[in-house]
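Working through the structure, step by step
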Amino acid sequence: MAHSSELIADDIEAYLTSHQYKSLLRFITCGSVDDGKSTLIGRLLYESHLVFEDHLAALEADSAKVGTQGGDLDFALLLDGLSAEREQGITIDVAYRFFSTEKRKFIVADTPGHEQYTRNMVTGASTADVAVILIDARRGVLTQTRRHSYLVSLLGIRNVVVAINKMDLVDYSQDTFESIKAEYLEFADQIGLADADHIQFIPLSALKGDNVVESSGNTGWYDGPALMEFLETVEVDDDRVSAPLRMPVQWVNRPNLDFRGFSGQIVGGSVRPGDSVRILPAGTTSTVARIVTMDGDLDEAVTGQSVTITLTDEVDVSRGDIICAGDDPAEVADQFEAHVVWMHEDEMLPGRPYLMKIGARTVGLTIDDPKYRVDVNTLEQLAAGTLELNEIGVCNIALDRPIPFDPYPGLALGERNSGSPGNRETGGFVIIDKLTQNTVGAGLLHFALRRSHNIHWQDVRVDKDARSEMNSHRPGVVWMTGLSGSGKSTIANIVESKLHTMGVRTYLLDGDNVRHGLNRDLGFTDSDRVENIRRIAEVSGLMVDAGLVVLVSFISPFRAERQLARDRMADGEFIEVHVDTPLEIAEQRDPKGLYAKARSGDLSNFTGIDSPYEAPVSPDVHIETDSIEPEAAADMVIAALRARSIIT
Amino acid sequence: MPTGARLTHLQRLEAEAMQIMREAVSESDRPAMLYSIGKDSSVMLHLARKAFFPSIPPFPLVHVDTTWKFSQMYQFRDDTAREIGMDLIVHQNPECIEQGINPFDHGSAIHTDMWKTQGLKQAIDMNKFDLCFGGARRDEEKSRAKERIFSVRSPQHQWDPKRQRPELWNVYNGRRSPGETLRVFPISNWTELDVWQYVHLEQIPIVPLYLSAPRPVVERDGTWIMVDDDRFQLREGEVPETKSVRFRTLGCYPLSGAIESDATSLLDVVQEMLLATTSERQGRLIDTDSSASMEKKKQEGYF
């Protein structure tokens, strides 16, 4: 038994002291139920004395009743509840389980199920120190073995156990073991896993207990460690501790006017008072004064610790900044190449504005068309226009401001990141949808794109205000959204005429006209619609910058893209007008005969028919065309412009 | 704690909890800590003080009260809040007060639902909290093993297990749509032994009811129930007797079973717990049996 009952009984204090200095190891198990994964985890829990007598009695009874092991203990039953959960319709993704031995505490990320596998495995692997990949000795290296191994390599797990299970069913054959090992090593080389610190092959039987906790007499030809011994002794973490200092600032700690500290967790290297540091992205330098904790000031803090640092100078430091080693700071950039893992049922839309959260910083993010996606089963690079749930691709990404970062140390990214040790915490990010606030993906930064270093915004002295002063009005955008045939263009034309007679400088951007020129390369798929609107928002923004009142007449069916356009303008410059016509009426009008074509199947992705229209929740102007005449509608728009003092 | 190149498991868990709390506070407008006065709450509160030191944790403690806790718990709660200097918000469901809801006349299910589940929703709505810390652990029961550290609740306070957000590295998404709230569990990855070990190491004050002492009890359904005040409805023939007992979990006193024990110090308690082969776990069989109902409760908005 792993917990020494005698020591507990004789000297509880000594026992607790020994327990106190245990280290913690987090690992992930990869494999399916068929590989004996539940049996293996069940046995590890059992062997570490986490199964009590009453549970054991229940296990014996269950094993006899429903077990698959002919009366022997069926350890998989210890992890029951999964099938029940499935029946209840509860999503099974990542479950965390806990056990400890005399030497270490363990947290196991268990990711059952085949569906959602990539999302779940990437999530579990992101915090794991070690991966245990199960292979059924009878079946050898399978497609799923390759998939699991690739993800382990991509996420940068540097210690891998290849557990060749069910050795009892192949008569503990060394030849079988060696041939699986040779095949695996060849494959490991292709995915960078050969650069791992350890790859340990262990022949075992989770069911019979061979080489799980103790070395087995059935595999006399194997002189390596049993699984538990490997897990108890493998060294992890060293590369992070020796890396340069990185501490993302989570919270500026100001209990009173005399104290200003920066609270965060050290995610790389170590720090001492007197160390020179550089604060990114600003690039200011300072010196560490104190490392403050409730247990007293520290002489040194290391990777993993949560502390509060004070500096000798009054420099400007905010949440999201990274305090770096003065002589080895992170890079700063706003455009990158990255691996993106998509984790949501709604596909990724290139060009759509998302949020990136990296460390303690959240910034605006747009993703280009994928350069390619990776088939996680074959590792082939395939052409892709988007990424769907559980797909992984390589994309260029752009942020709305520069961030400090390190390359992500994924082994599968070896060549891309050469020359930098990288850092998981300053190179890994999640992607958040701006409307639902859900986490929809994750990414690994490779490197900054060169162009991002070279682009500097020109310092323009003649600015928007200066241009606006030459006009008798302020600039702004009237954004008309609605179904095809709702009357947007009719109303927009009347508004422009009225403004023109008032001496207002205007320009009308109309969907059809723009699609013949600027956007003629775009079709009507969701991602093209996003790009369509992005360009119009940019053009409108430039025209607003030039001092004009811009009238935009576009179906613009997606809320997120209209929000993108709004975000592009300053406060009070954007007026969203919903030209609201019921679908039946728009279809009756059908001025261009498009609804008829869509209904007959000659035209696909038509808004309202086979492509959705997301109506504005609270538009600035709401025009219900079945009760308002175009002339009156135009006056409503003019009134809205007056209310915002764009015109007088 | 001593520092070295490699952190111990408790140091890693402590640092993780502090990082989670700082992240949660930074991404919310009105955070609060749900404080149940138990040992897990005590540990969570201690971690909060560490996370924000030298500042006082920048949120109030919220106790969703049932008026039926042990008197020693109320004493401990008020002393703790005063000593740390944090605001304490005590919420008692006014409907329950009006109707005199109690475990004797209404049974534990109605009592718990009305005072605790409904009371918690009221406390969050009335104070407009957008994020609440809770002391739940993943090792407690199966449905928690897969709950996120940052867990989204709908405007109706419901948990949707199908809509959980992936959590990678130490990056937590604390954003909410209008009306949504978050529950954040900083000690998700702690086990029961970790909690006791940490209480011991850090000398964290806990309610004395966890330690054995002579207490007036009656036997009901095979367990000892303490007669904590004169509201206790004795059944015919029941006479309180004095026994050396302690409590493994603390709640409403008429619903908390005590065990006979000689463990009068914290070390004794940990020793008893570690040596237990059946009894400690049997006490938890209720949890195991009701794992699905716990899931249901959570979907309804219970903690």
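Conventions used here
- Residues numbered from 1 in each chain as written.
- Chains lettered and ligands numbered in written order.
- Predicted model: local features only at pLDDT ≥ 70, side-chain atom pairs only at ≥ 80, totals over all residues.
- Heavy atoms only, no water.
- Buried < 20%, exposed > 50% of the residue type's maximum accessible area, 1.4 Å probe, protein only.
- Helix = DSSP H or I, 4+ residues; strand = E, 2+ residues; numbered from the N terminus.
- Pairing = 2+ DSSP bridges.
- Axes fitted to C-alpha atoms, helices over the stretch in contact; angles between N-to-C directions.
- Contact = heavy atoms within 4.5 Å.
- Buried area = accessible area lost by both parts, 1.4 Å probe.
- Salt bridge = Lys/Arg side-chain N within 4 Å of Asp/Glu carboxyl O.
- Nonpolar A, V, L, I, M, F, W, Y, C, P; charged D, E, K, R; others polar.
- pLDDT = per-residue confidence, 0-100.
- Polar contact = N/O pair within 3.5 Å; in protein donor to acceptor, adjacent residues only side chain to side chain.
- Parallel < 35°, antiparallel > 145°, perpendicular 65-115°, else oblique.
- Left-handed = near helix turned anticlockwise from the far one by under 90°.

Counting buried positions along helix H6 (residues 117–125) of chain A gives nine out of nine residues, so the element sits mostly inside the fold. Here H6(A) has its buried residues at A:Tyr117, A:Thr118, A:Arg119, A:Asn120, A:Met121, A:Val122, A:Thr123, A:Gly124 and A:Ala125.

The strands making up a sheet are joined through hydrogen bonds of the backbone, oriented either antiparallel or parallel. Residues and elements named next belong to chain A. Spatial ordering of the open sheet is given by S24-S25-S23-S26-S27, a layout of five strands whose pairing is parallel. Among the strands making up the open sheet, the edge pair consists of strand S24 (506–510) and strand S27 (621–624). Neighbour-to-neighbour, the strand axes of this sheet turn through a mean angle of 15°, independent of strand direction. Relative to strand S25 (residues 549–553), strand S23 (residues 476–481) is paired through five bridges, and the arrangement is parallel. Residue Gly 476 lies in a different strand from S25, and its bridge partner there is Val 549. Lying on the sheet, helix H14 (residues 488–501) is in contact with S23, S24, S25, strand S26 (574–580) and S27; it crosses S25 at an angle near 165°. Relative to the sheet, helix H17 (residues 559–568) contacts S23 and S26, its axis offset from that of S26 by approximately 150°.

Attention now goes to the interface of chain B and chain A. Across the contact, 72 residues belong to chain B and 87 residues belong to chain A. Summed over both partners, the interface of chain B with chain A comes to about 7100 Å²; 57% of that surface belongs to carbon and sulfur atoms. At the junction of chain B and chain A, the tally comes to eight salt bridges. B:Glu27 is the salt-bridge partner of A:Arg319, the closest N and O atoms lying 3.1 Å from each other. Broken down by secondary-structure element, the contributors of at least two residues to the side of chain B that touches chain A are helix H1 (9–26), helix H2 (39–52), helix H6 (192–202), helix H7 (266–275), helix H8 (279–283) and helix H10 (291–300) of chain B. Looking at the side of chain B that touches chain A element by element, the count peaks at eleven residues for H1(B). Here the side of chain B that touches chain A is composed, by residue class, of 29 nonpolar, 20 polar and 23 charged.

Take the pattern of salt bridges next. Inspection of every chain in the model, using the stated rule, returns 48 salt bridges over all chains. A:Lys357 is the partner of B:Glu23 in a salt bridge, and the nearest nitrogen-oxygen pair spans 2.7 Å. Pair noted here: B:Glu23 is in helix H1 and A:Lys357 is in strand S16 (residues 354–358), and the two residues belong to different chains. Neither residue differs from the other here; B:Glu23 and A:Lys357 are each classed as buried. Shared partners join several salt bridges into a network, and the residues in it are A:Asp295, B:Glu14, B:Lys50 and B:Glu202.

As a further point, take the sheet that holds strand S9 (residues 241–247) of chain B. All names here are of chain B. Taken together, the four strands give a closed barrel; going around it, the order is S7-S8-S10-S9, and neighbouring strands pair in antiparallel fashion. Strand-to-strand, the axes of this sheet are offset by a mean angle of 70°, without reference to chain direction. Pairing geometry for strand S8 (residues 223–226) and strand S10 (residues 257–260), over two bridges, is antiparallel. The residue bridging Trp 224 from the neighbouring strand is Ala 258, located in S10.

This part takes up the environment of A:Thr176. Within the element layout of this structure, A:Thr176 appears in helix H8 (residues 174–190). Between the C-alpha atom of A:Thr176 and that of A:Arg138, which follows or precedes it by 38 residues, the distance is 8.4 Å.

All names here are of chain A. For Ala 338, the position within the fold is in strand S15 (residues 331–342). On the basis of relative accessibility, which here comes to 0%, the residue Ala 338 falls in the buried class. Each C-alpha atom of the pair Ala 338 and Cys 395 lies 5.6 Å from the other, and the pair is 57 residues apart in sequence. Apart from the residues lying within four places of it in its own chain, the contact partners of Ala 338 are Gly 393, Val 394, Cys 395, Ile 397, Phe 429, Leu 444, Leu 445 and His 446.

Bringing the pairing of strand S2 (residues 95–100) of chain A into the picture now. Residues and elements named next belong to chain A. Taking burial as the measure, the six residues of S2 include six buried ones, the bulk of the element. Side-chain alternation along S2 places Ala 95, Arg 97 and Phe 99 on one buried face and Tyr 96, Phe 98 and Ser 100 on a second face that is also buried. Taken together, the six bridges between S2 and strand S3 (residues 104–110) define a ladder with antiparallel strand orientation. Of the residues in S3, the one forming a bridge with Ser 100 is Lys 105. Joining the antiparallel neighbours S2 and S3 is a turn of three residues.

Moving on to the pairing of strand S10 (residues 276–280) of chain A. The pairing of S10(A) with strand S11 (residues 284–292) of chain A spans four bridges and is classified as antiparallel. Across the sheet, A:Arg278 pairs through a bridge with A:Thr285, a residue of S11(A).

Quick look at the confidence of the model for chain A now. Residues and elements named next belong to chain A. Confidence in the prediction of chain A, expressed as mean pLDDT, is 86, and 88% of residues score 70 or more. Per-residue pLDDT, averaged within each element of chain A, yields its smallest value for helix H5 (residues 82–87) (45) and its largest for strand S8 (residues 261–265) (98). The low-confidence segment residues 80–91, where pLDDT is below 50, has 16 contacts with residues more than four positions distant or belonging to other chains. Contacts from residues 454–460, a stretch scored under 50 in pLDDT, to residues over four places away or in other chains number two contacts.

Attention shifts here to the side chain of A:Ser205. Residues and elements named next belong to chain A. Along the polypeptide, Ser 205 turns up in the loop between strand S6 (198–203) and helix H9 (227–233). Among the residues examined, Ser 205 registers a relative accessible area of 1% and is labelled buried. A distance of 3.0 Å separates a polar side-chain atom of Ser 205 from the backbone nitrogen of Lys 208. When sequence neighbours within four positions are dropped, the list of residues in contact with Ser 205 reads Asn 165, Lys 166, Met 167, Asp 168, Asp 210 and Val 212.

This next bit is on the packing of H6(A) against helix H7 (residues 143–154) of chain A. All names here are of chain A. Relative to each other, H6 and H7 sit at 40°, their axes nearing to 10 Å. In terms of orientation, H6 and H7 fall into the oblique class. For the element pair H6 and H7, the recorded crossing hand is right-handed. Contacts between H6 and H7 involve Tyr 117, Thr 118, Met 121 and Val 122 from the former and His 148, Leu 151 and Val 152 from the latter. Looking at side-chain class alone, the contact of H6 with H7 contains five nonpolar, two polar and no charged residues.

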